[in-house]
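Coordinate analysis (summary)
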Amino acid sequence: MAWIDACGVDDIDAEDLIRFDHGGETYAIYHAPDGTFHATDGLCTHEKVHLCNGLVDGDTIECPKHNGRFNYRTGAALRAPVCVDLKRHPVRVVGDRVEIELG
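Definitions and limits used
Per chain, the residues get numbers from 1 upward, laid out in the order the sequence is written. Under the rules for a predicted model, residues below a pLDDT of 70 receive no local features and side-chain atom pairs below 80 are neither given nor counted, while totals for whole chains, interfaces and linings still include all residues. To obtain the side-chain values, all non-hydrogen atoms of the structure were included, while hydrogens and water were left out. Secondary structure counts use DSSP, requiring at least four H or I residues in a row for a helix and at least two E residues in a row for a strand, with both numbered from the N terminus. Here the globule rule is a power law, 2.2 Å times the number of residues to the power 0.38, and the radius of gyration is based on C-alpha atoms. Three labels apply to residues, based on accessible area from a 1.4 Å probe with only protein chains included: buried if under 20% of the type maximum, exposed if over 50%, partly exposed otherwise in between. By definition, a salt bridge exists where a carboxyl oxygen of Asp or Glu is found within 4 Å of a side-chain nitrogen of Lys or Arg. Pairing between strands is defined by DSSP: at least two bridges between the two strands are required. To obtain each axis, a line is fitted to C-alpha atoms, and for helices this fit is confined to the stretch in contact; angles are then taken between N-to-C directions over 0 to 180 degrees. Contact between two residues is taken to exist if any of their heavy atoms lie within 4.5 Å; hydrogens are not considered. Nitrogen and oxygen atoms within 3.5 Å of one another constitute a polar contact, given that in protein one can donate a hydrogen and the other can accept it, and given that sequence-neighbouring residues count only through two side-chain atoms.

Moving on, we come to the overall build of the protein chain. A count of helices and strands for the protein chain gives zero helices and eleven strands. Mapped in sequence order, the helices and strands of the protein chain form the string β-β-β-β-β-β-β-β-β-β-β. Over its C-alpha trace the protein chain gives a radius of gyration of 13 Å, about what one expects of a compact globule, namely 13 Å for 103 residues. Along the longest, intermediate and shortest principal axes, the C-alpha atoms of the protein chain span 40 × 30 × 20 Å. Buried positions account for 41% of the 103 residues belonging to the protein chain.

See below:
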């Protein structure tokens, strides 16, 4: 496992997300309303659509294709058609940078 520099803390507005690509994989990094950061796989588990184009509302991300929803803090699938949870990844803030643990 390794910590990878993903973005600056100011690169993501509160209640928003950005796409982060590394090692041929896509991740989504979220800035929660309480100021914390979270990371999940970046593709919907239903049809592999990029979540970075979805809508963040509180602790949920809505897939832009079929409007399935996930809780990005837990990865839990919340609304059909998604039924498989998102994989989450550890996140830490070092100075003004957001790092994601991958491996």
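Scanning all chains against the criterion turns up eight salt bridges. A salt bridge links Asp-59 to Arg-73, with the nearest nitrogen and oxygen atoms 2.9 Å apart. Residue Asp-59 is found in the loop between β5 (55-57) and β6 (60-62), and its partner Arg-73 is found in the loop between β7 (69-71) and β8 (77-79); the two are separated by 14 residues along the sequence. With a relative accessible area of 29%, Asp-59 lands in the partly exposed category. Residue classification places Arg-73 among the partly exposed residues on the basis of a relative accessible area of 23%. Arg-79 is paired through a salt bridge with Glu-62; the nearest N and O atoms lie 3.0 Å apart. Taken together, the residues span a long stretch of sequence, with Arg-79 in strand β8 and Glu-62 in strand β6 at a distance of 17 residues. Among the residues examined, Arg-79 registers a relative accessible area of 35% and is labelled partly exposed. A single network of salt bridges, built from pairs that share partners, joins Asp-34, Asp-59 and Arg-73.

The strand order β5-β6-β7-β8 describes an open sheet built from four strands, whose pairing is antiparallel. Unpaired on one side and paired on the other, β5 and β8 mark the two borders of the sheet. Averaged over neighbouring strand pairs, the angle between their axes works out to 30 degrees when direction is ignored. Both β6 and β7 contribute to a ladder of three bridges, which runs antiparallel. When the sheet's bridge partners are listed, Ile-61 is paired in β7 with Phe-70.

Let us look at the environment of His-31. Among the secondary structure elements, His-31 is positioned in strand β3 (residues 25-31). Sequence-wise, His-31 and Ile-18 are 13 residues apart; in three dimensions their C-alpha atoms are separated by 8.9 Å. Those residues in contact with His-31, other than ones at most four positions away along the chain, are Val-9, Ile-12, Asp-13, Ala-14, Glu-15, Asp-16, Thr-36, Phe-37 and Tyr-72. Engagement of the side chain of His-31 in a polar contact is seen with the backbone oxygen of Ile-12, the distance being 2.8 Å.

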